[in-house]
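A structural walkthrough
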Amino acid sequence: MEEKKSHLKLTLLLIIAALVIGLIVMYIFIFFVPNRSNTIQEVMLSRWNIIMPEDMELEYSVSTFGFPSDGEEYRVFKLKEEPTELIEDFNHEKSKDAENRAQYVFDWLAKGKKSVPEEWRPDWSEEYSWKYTGKFPRDDGTFKDFIYIVYFPVAMRLYTFEQML
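Residues numbered from 1 in each chain as written. Predicted model: local features only at pLDDT ≥ 70, side-chain atom pairs only at ≥ 80, totals over all residues. Heavy atoms only, no water.

1. Examining the side chain of Ser 129
Inspection of the secondary structure assignment puts Ser 129 in strand β3 (residues 129-137). Relative accessible area serves as the criterion here: at 7%, Ser 129 is assigned to the buried category. Side chain to side chain, Ser 129 and His 92 meet in a polar contact 2.7 Å long. With residues near it in sequence (within four places) discarded, Ser 129 still touches Phe 90, Asn 91, His 92, Ile 149, Val 150 and Tyr 151. (Helix = DSSP H or I, 4+ residues; strand = E, 2+ residues; numbered from the N terminus. Buried < 20%, exposed > 50% of the residue type's maximum accessible area, 1.4 Å probe, protein only. Polar contact = N/O pair within 3.5 Å; in protein donor to acceptor, adjacent residues only side chain to side chain. Contact = heavy atoms within 4.5 Å.)

2. A closer look at a nonpolar patch on the surface
Taken together, Leu 8, Leu 12, Ile 15 and Leu 19 make up a surface patch of nonpolar side chains, about 410 Å² in accessible area. Relative to the helices and strands, Leu 12 is located in helix α1 (residues 2-31). On the accessibility criterion, Leu 12 (47% relative accessible area) is partly exposed. (Patch = residues over 30% accessible without salt bridge, like charges linked within 9 Å, V, L, I, M, F, W, Y side chains within 5 Å. Areas by Shrake-Rupley, 256 points an atom, 1.4 Å probe, with all protein chains shown as cover. Salt bridge = Lys/Arg side-chain N within 4 Å of Asp/Glu carboxyl O.)

3. Considerations on the nonpolar core
Formed by 21 residues in total, the largest nonpolar core has its most connected members in Tyr 74, Tyr 148, Val 150 and Phe 161. Broken down by secondary-structure element, the contributors of at least two residues to this core are β1 (57-63), β2 (71-78), α3 (96-111), β3, β4 (143-152) and β5 (157-164). Membership of the second largest hydrophobic core comes to 18 residues, among which are Met 44, Ile 50, Met 56 and Leu 158. (Core = buried A, V, L, I, M, F, W, Y, C linked by side-chain atoms within 4.5 Å.)

Below is the structure:
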């Protein structure tokens with residue numbers, strides 16, 4: 001009789017442990033693992049509150065994002081039309097600071113063994129517009145998590161540089 005009670009307690013304990021582990025795994029997948037079926041427009045809206053054009057075609061992408069979505073990501077998009085609404089609040093003058101921010105992401109990607117080939121890097125000698133925004137501002141005017149978007153009208157390409165720590 002005592003052996004049955006002991007066996008029953010052990011079984012209940014194992015069931016409870018399995019349920020707790022299952023709930024933890026579910027929680028991780030719901031809140032920390034990104035949904036890979038989201039479009040880039042949905043991702044940019046949820047991450048940065050930026051509405052991206054619908055007519056973009058992804059040409060190149062490299063990422064060091066891991067668990068829990070920390071890392072760097074760089075993308076190159078080809079556009080069919082000028083993204084008039086997106087670039088309304090962009091800076092339309094060239095900026096060495098902006099170019100340095102892009103290089104900063106390239107350097108971090110390279111540290112993660114994800115270097116970007118020269119043919120997929122922006123040609124900074126061309127005309128461009130840019131925007132820098134982020135989350136968790138620092139005292140020096142930068143952000144802990146940031147996105148830098150650059151639009152090159154002649155090439156009709158949009159480049160995104162992201163870092164989330």
